[in-house]
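A structural walkthrough
Spelled out from the first residue to the last, the chains are:
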Amino acid sequence: MTSDVTRRTFLQLSAAALAATPALAQTAVTPKKGGTLRVGFYVEAVTMDPHLSGSKVDRQVYHNVYEPLLTLDTKLNVKPGLAESWTQPDPKTLVLKLRRGVRFHDGTAFDAEAAKFNFNRMKTEPKSLRKGEVANIDSVDVVDAATIKINLKRPDASLLATLTDRAGMMVSPKVVAERGAGLERDARGAGTGPFEFVEWVRDSHLVIKRNDSYWNKQGGPYLDRVRYRPIPDDVVKLQSLQAGEIDVMDYVLPRDVAPMKADKRLVVVDVPSLAAFGYQLNHTRPPFNVKALRQAVAYAVDLDQIVKGVWLNVGYPSNGPISPASWAYDRAIPHIKRDLGKAKAKLLEGGQPGGFTFTVITQNIPITAQETEVIQAQLAEAGITMKIQLVDSSTLIASGNAKNFEMISFQWSGRPDPDGNTYQFFKTTPGTSFNWSGLSSEKVDALLERTREVSNQAERRKLYGELTRLLQDELPMLFIVHPIEPKAFSPRVQGYDPIPDGMMRFKDVWLR
Amino acid sequence: MGRLVLHRLAATVPVLLLVTAGVFALLHLTPGDPIDTMMAESADPAVKAHLRRELGLDRPIPVQYLQWMARVVRGDLGRSIRNGEPVIENVSRRLRPSLQLALLAMTVSLLVAFPLGIVSAVRRNTAADRAGTTFALFGICMPNFLLALLLIFVFGVTLRWLPISGYVDPLEEGWDGLRSLVLPACTLGLALAAVITRTLRSSLLEALGEDYVRTARAKGVSEWGVIGGHVLKNAMIPVVTVLGLQLGTLIGGAVITEYVFALPGVGRLVVDAVFARDYPLVQGVILLIAVGFIACNLVVDLLYGWLDPRIRIR
């Protein structure tokens, strides 16, 4: 319970810190129009076509240029977006009332036909990476110019949240028809968002400008322009912020958080994330096909120590796949506590009283490497020998997909609906999937299906609690940490409202 | 001369075959797959299989190599898997900053190394020589990234004279472009200057002991006349060798400097492509880098002949 209190205190403190930061204090001063916001990202965008995009950094730009049908608020509740309301006449039908009078940046009207076009494109375009997300959509009917009816193959409670990101983003049909694959490089005119795409000079910068005819007249957009720049080195990115070359930095490493918070030239905002970091344990081969041995490892690992020592408290010890930022998080479930006595008993139960040896595959990134070293030392105290194999991300993914591992690091950025943090990882799936552990449990499968069928949030929350407890027993994964994703700003930046999906929406941001 | 060039060109063919086959084999033997990496957050096997088929990644490796070779012979290096653009476009976009940086770094290194090397050699065993040697040692020992971060801290963060990172093309925005390249050019140039200073000093010392130097001095040529007119040209061969080899490294291998200063150069292109398992891009870039190295070496060989007629091949 102690850690529960700590966590709560921590959340309260972060909330207090958030309220006190100048970046959020927008009540006193009237926002000012103008200026260019310069944003430093760790890597360049890959494509400007939201239906073909597979990388997180793309979404950072999209959420300012394109708009999804639905949006999220800071508590991750689903809010109207391009759709101003929705109803579900039955579990397999979703009716969306679309906003009238919205135009794409190229002047094309956004209406029911345009929305239908977008869904069809996501489903049929050969290179579409949205196919999985819209697979459950059977068809889309145009009811009238401002209403669409989405017919589902099966009930799916997570669909609303799915429509708050790329799978709900609307692209101008005219731009798609005229530009084709060119949209990947040039998104002029393609969105409806508060900012319009201007140019993307590969390897140098990407610029968007204010959409003066934006439909939502409340608040911004205030900024003239936003200029994104890739700066791969974390130290250099930080120095660029300190020297005033950029105004926003997308992510601050745990080791930099404390010194940056002490720096008066900067404002650090702790954005809780939906991410879940841990290790998948291979159920399909020794040693972790034996449940007792998985449990022995879980009891030998000290999450509190890892979060304090490695993550420097820029994160929370994890009780399962769902982060404390989510409505589905059950804080009554404690994370597995270290207990060497129990670990030894489980070793005995698993037929390895003297301990055993296995290899963990993890990415060669400083913080991940440190984490595994700490785990290695903790396991050694229980007589378990863990060898560390450091690889690059491509090798990691290949090993995971091929189930060619004993224990493997798994870092998931998280999805607004808990379904995105659970179903694809723990549902029995033959062949390639994210269920790298090979977990196959009838109970887990039934629960996962149930969470999709039930639409009542309180009821779903209860089901996810049940699932979390079940996973703590089955251990397809060793759940370690839900990291916080701090972002840093120049004190000039005002009006930023952090949403736990980590996306930076600049509509209401302005420069002092 | 013409025959030398032809000879050299003929010798490049097996080298290039070896390089491409080696890179191809190594890349495909490394675990990992471009599609899985590109679509890390999607688990849709059908889409992935479709893409693999479309890109020909489902065929046997020797077949893939032959198909790639067949295209290369026709002058087509293929397209990057990750961004879909032709490899040649990716490279040409990256080559410009790399070349500019390499040339600027060379200029910095020569501006520093020549005076230091000459003074060290002529005023051998004096304080000036020791200062030069110490600088050279420092430059060789200092890791690139550390020097880069120090320069950034002093000139970017503290004094704010120069931009910290990013690239502006000097051919488009002259002054700003030059400013954006000063720190990376100094980072690379100082390390290179150290190597050249040492090489120049030792080869000058050797040349200074030659008979023709004594003769020149005996004929009453001034000390600087001896150095400028006789010694320097003879001492240049090792320096040119180093420069030639380093030019290739500066263009293709300045990964860390490019990374720290967020410069879009060829080095980072290769490394990023390897991490993404972007096979066509890696192969294409390595092929071009190999060609570049060979060309540099050829130029160096031709320079030898100009510097020292005795080396000229008849």
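Residues numbered from 1 in each chain as written. Chains lettered and ligands numbered in written order. Predicted model: local features only at pLDDT ≥ 70, side-chain atom pairs only at ≥ 80, totals over all residues.

Another aspect to go through is the overall build of chain A. A count of helices and strands for chain A gives 16 helices and 21 strands. A compact globule built from 512 residues should have a C-alpha radius of gyration of about 24 Å, and chain A, at 23 Å, falls within 12% of that. Dimensions of chain A, computed from C-alpha atoms along their principal axes, come out at roughly 70 × 55 × 40 Å. Counting over 512 residues, chain A shows a buried share of 49%. Put simply, 72% of the contacts in chain A that link residues at least 6 apart link residues at least 24 apart. (Helix = DSSP H or I, 4+ residues; strand = E, 2+ residues; numbered from the N terminus. Rg over C-alpha atoms; globule rule 2.2 N^0.38 Å. Buried ≥ 20, exposed ≤ 12 C-beta atoms within 10 Å, placed from the backbone. Contact = placed C-beta atoms within 7 Å.)

Below, the discussion takes up the overall build of chain B. Along the backbone of chain B there are 13 helices and zero strands. Shown N-terminal to C-terminal, the secondary structure of chain B runs as helices and strands in the order α-α-α-α-α-α-α-α-α-α-α-α-α. Taking the principal axes of its C-alpha atoms as reference, chain B extends roughly 85 × 55 × 35 Å. Within the span of chain B, comprising 314 residues, buried residues form 37% of the whole. Residue pairs in contact within chain B that sit at least 24 positions apart in sequence constitute 71% of those at least 6 positions apart.

So, about the packing of helix H6 (residues 127–141) of chain B against helix H8 (residues 174–208) of chain B. All names here are of chain B. With their axes 8 Å apart at the nearest point, H6 and H8 run at an angle of 135 degrees to one another. Considered as vectors, H6 and H8 are oriented oblique to each other. Crossing angle aside, the handedness with which H6 passes H8 is left-handed. Contacts from Gly 132, Phe 135, Ala 136, Gly 139 and Ile 140 of H6 reach H8 at Leu 190, Ala 191, Ala 193, Ala 194, Val 195, Thr 197, Arg 198 and Arg 201. Split by residue class, the contact of H6 with H8 holds eight nonpolar, three polar and two charged. (Axes fitted to C-alpha atoms, helices over the stretch in contact; angles between N-to-C directions. Parallel < 35°, antiparallel > 145°, perpendicular 65-115°, else oblique. Left-handed = near helix turned anticlockwise from the far one by under 90°. Nonpolar A, V, L, I, M, F, W, Y, C, P; charged D, E, K, R; others polar.)

As a further point, take the interface of chain A and chain B. In this complex, chain A contributes 35 residues to the contact, which on the side of chain B involves 36 residues. Those elements that place two or more of their residues in the side of chain A that touches chain B are helix H4 (131–134), strand E10 (225–230), helix H7 (234–242) and helix H13 (393–401) of chain A. Partitioned by chemical class, the residues of the side of chain A that touches chain B number 12 nonpolar, 15 polar and eight charged.

A cis amide bond, omega 10 degrees, links Gly220(A) with the succeeding residue Pro221(A). Within the element layout of this structure, Pro221(A) appears in the loop between strand E9 (205–210) and E10. The omega torsion of the bond from Pro286(A) to Pro287(A) falls at 0 degrees, within 30 degrees of zero and hence cis. Following the sequence through the fold, Pro287(A) ends up in the loop between strand E13 (276–281) and helix H9 (291–300). The backbone of Leu312(A) shows a phi angle near 50 degrees, a positive value even though the residue is not glycine. Taking the C-beta count within 10 Å as the criterion, Leu312(A) has 15 such neighbours and is therefore assigned partly exposed. Phi is positive for Asn125(B), which is not a glycine, with a value near 65 degrees. Following the sequence through the fold, Asn125(B) ends up in the loop between helix H5 (87–122) and H6.

So, about the packing of helix H1 (residues 2–29) of chain B against helix H13 (residues 279–307) of chain B. Residue and element names in this part refer to chain B. It is at 10 Å that the axes of H1 and H13 come closest, and there the two elements cross at 155 degrees. By the criterion of interaxial angle, the relationship of H1 to H13 is roughly antiparallel. You can see that H1 and H13 cross each other, and the crossing is right-handed. Across the interface between the two elements, Val 5, Arg 8, Thr 12, Val 15, Leu 16, Val 19, Thr 20, Val 23, Phe 24 and Leu 27 from H1 touch Tyr 279, Val 282, Gln 283, Ile 286, Leu 287, Ala 290, Ile 294 and Leu 298 from H13. By residue class, the composition of the contact of H1 with H13 is 14 nonpolar, three polar and one charged.

Before going further, it helps to spend a moment on the pairing of strand E16 (residues 385–391) of chain A. Residues and elements named next belong to chain A. Summarising the sheet, strand E15 (residues 357–363) and E16 pair through seven bridges and their orientation is parallel. Considered in E16, the bridge of Gln 363 is made with Val 391. Tracing the backbone out of E15, into helix H12 (residues 366–380) and back to the parallel element E16 gives a crossover that is right-handed. (Pairing = 2+ DSSP bridges. Right-handed = clockwise from strand over helix to strand, strands pointing away.)

All names here are of chain A. Within the open sheet, the six strands sit side by side as E14-E18-E13-E17-E15-E16. Their pairing is mixed. The open sheet has two edge strands with one neighbour each: strand E14 (315–317) and E16. Pairs of neighbouring strands in the sheet enclose a mean axial angle of 25 degrees, with direction left out of account. With four bridges joining them, E13 and strand E18 (residues 477–483) adopt antiparallel strand pairing. From the neighbouring strand, Phe 277 faces E18, where its bridge partner is Val 481.

Before going further, it helps to spend a moment on H6(B). Residues spaced three or four apart along an α-helix face the same direction, because each turn holds 3.6 residues. All names here are of chain B. Look at H6: 21 Å from first C-alpha to last across 15 residues, which is about the 21 Å you get at 1.5 Å a residue. Where H6 is concerned, the buried positions are Gly 132, Ala 136 and Gly 139. All buried residues of H6 fall inside an arc of 65 degrees around its axis, so they share one side. Opposite the packed face of H6, turned more than 90 degrees from it, sit the exposed residues Ala 127, Thr 134 and Cys 141. (Expected span 1.5 Å × (residues − 1). Arc of directions from axis to C-beta.)

Glancing now at the sheet that holds strand E12 (residues 267–269) of chain A. Residues and elements named next belong to chain A. The seven strands are arranged E8-E9-E10-E1-E11-E19-E12 in an open sheet whose pairing can be described as mixed. Both edges of this open sheet fall to strand E8 (195–201) and E12, since each of them pairs with a single strand only. Strand direction decides the pairing type here: E9 and E10, joined by four bridges, are antiparallel. Bridge pairing links Val 207 to Arg 227 in E10. Its contacts with the sheet put helix H2 (residues 56–65) on strand E1 (36–41), E8, E9 and E10, and the angle it makes with E8 is roughly 140 degrees.

Residue and element names in this part refer to chain A. Pairing of E8 with E9 involves six bridges; the strand directions are antiparallel. Within E9, the position partnered with Trp 200 by the bridge is Leu 206. The turn linking E8 back onto E9 is made up of three residues, and Asp 203 within it adopts a positive phi angle of 70 degrees.

In this section: the confidence of the model for chain B. Taken residue by residue, chain B gives an average pLDDT of 85. The fraction at 70 or more is 97%. Scored by ipTM, the complex comes to 0.77, with pTM at 0.82. (pLDDT = per-residue confidence, 0-100.)

Formed by 119 residues in total, the largest nonpolar core has its most connected members in Met170(A), Ala296(A), Val297(A), Ala300(A), Ile408(A) and Leu478(A). Leaving out residues up to four positions away in the same chain, Ala296(A) has contacts with Ala343(A), Lys346(A), Leu347(A), Gly350(A), Ala382(A) and Ile384(A). Ala102(B), Ala136(B), Ala148(B) and Leu250(B) belong to the second-largest nonpolar core, a separate cluster that totals 68 residues. (Core = buried A, V, L, I, M, F, W, Y, C linked by C-beta atoms within 7 Å.)

Residue and element names in this part refer to chain A. For Trp 510, the position within the fold is in strand E21 (residues 510–511). In the structure, Trp 510 is positioned 479 residues away from Pro 31 in sequence and 6.3 Å away in space, judged by C-alpha atoms. Residues within four places of Trp 510 in sequence aside, it is in contact with Pro 31, Lys 32, Gly 220, Tyr 222, Leu 223, Gln 494 and Gly 495.

A word on the environment of Leu206(A). All names here are of chain A. Note on placement: Leu 206 falls in strand E9. Since 23 C-beta atoms lie within 10 Å of it, Leu 206 is described here as buried. C-alpha of Leu 206 to C-alpha of Glu 44: the two residues are 162 residues apart in sequence and 8.8 Å apart in space. With residues up to four places along the chain from it excluded, the contact list for Leu 206 reads Ala 45, Val 61, Trp 200 and Tyr 228.

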